[in-house]
Amino acid sequence: MRELQATQVIFDTVVRQTGAARVRQVRIAFGELCELDPKAVRRQWAALGKATPLERAQLQFRLIRAEAQCMACFKKYHPVNGEIHCPHCGSFGAKILTGEEFHVEHIETDE
Ligand SMILES: [Zn+2]
C-alpha cells in the first residue's frame, strides 16, 4: 500500500506548514512515473483528514510529464508507458529527469 505512506507524508507536510489553519486546497506535483493511483491517494487523504483542519481540503494534482536522458547517446526522450528504452539508439540505460515527483507544491488556507 504505497499510497498510504505517500499520502501520510503529504499530509504531515501540510500539517507542519499550516498548523491549525483551515486548509482549502493542496496542490501536488504528480509525476507520470510515480506509480501511485490518484484515486487511492484521494481516498487516503479523506480518511486522514477526518476531524482535522484539513477535512475540507481539496487535493489537486498537477501532472508532470516524464523525461529521461539516455546514458548512451545522451538524448532526452519521453518514456512511453513508463518504459526506459531510448528511441534514438535503443539503449535501456537512462537517467530519469522528471516524472517521479510526488510532493506538495502549493497550499491554500482560509485566513
Ligand atoms: Zn540513446
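So, a few notes on the structure that sits alongside this text. (Residues numbered from 1 in each chain as written. Predicted model: local features only at pLDDT ≥ 70, side-chain atom pairs only at ≥ 80, totals over all residues. Heavy atoms only, no water.)

Looking only at helices and strands, the protein chain has two helices and six strands in total. Element order for the protein chain, N to C, with α for helix and β for strand: α-β-α-β-β-β-β-β. Projecting the C-alpha coordinates of the protein chain onto the three principal axes gives extents of approximately 55 × 25 × 15 Å. Across the 111 residues in the protein chain, those meeting the buried criterion constitute 36%. In the protein chain, the share of contacts with a sequence separation of at least 24, taken over all contacts with a separation of at least 6, comes to 71%. Accessible surface for the protein chain amounts to roughly 7100 Å². Of this, 50% is attributable to carbon and sulfur atoms. (Helix = DSSP H or I, 4+ residues; strand = E, 2+ residues; numbered from the N terminus. Buried < 20%, exposed > 50% of the residue type's maximum accessible area, 1.4 Å probe, protein only. Contact = heavy atoms within 4.5 Å. Areas by Shrake-Rupley, 256 points an atom, 1.4 Å probe, with all protein chains shown as cover.)

Counted according to the given criterion, the structure contains three aromatic pairs. Both rings, one in F30 and one in F102, keep their centres 5.6 Å apart while their planes meet at 75°; by these two values the pair is edge-to-face. Here F102 lies in strand β6 (residues 102-109) and F30 lies in strand β1 (residues 23-31), a separation of 72 residues in the sequence. F102 carries the same exposure label as F30, and that label is buried. Aromatic rings pair up to connect F30, F61 and F102 into one cluster. (Phe/Tyr/Trp six-rings, centres within 6.5 Å; stacked < 30°, edge-to-face > 60°.)

Right, let's get into the sheet that holds strand β2 (residues 58-64). The strand order across the open sheet built from three strands is β2-β1-β6, with neighbouring strands paired in mixed fashion. This sheet does not close on itself; its edge strands, each paired only once, are β2 and β6. Sheet twist, expressed as the mean angle between neighbouring strand axes with direction ignored, is 20°. Looking at chain direction, β1 and β6 are connected through seven bridges and run antiparallel. Bridge pairing links I28 to V104 in β6. Contacts between helix α2 (residues 38-49) and the sheet are confined to β1, β2 and β6, with β2 contributing the most and set at about 155° to the helix. (Pairing = 2+ DSSP bridges. Axes fitted to C-alpha atoms, helices over the stretch in contact; angles between N-to-C directions.)

With phi around 60°, A51 is a residue other than glycine that occupies positive phi space. Locating A51 in the fold gives a position in the loop between α2 and β2. Here N81, not a glycine, exhibits a phi torsion of approximately 55°, which is positive. In this structure, N81 sits in the loop between β4 (76-77) and β5 (94-98). Judged by relative accessible area, which is 72%, N81 ranks as exposed.

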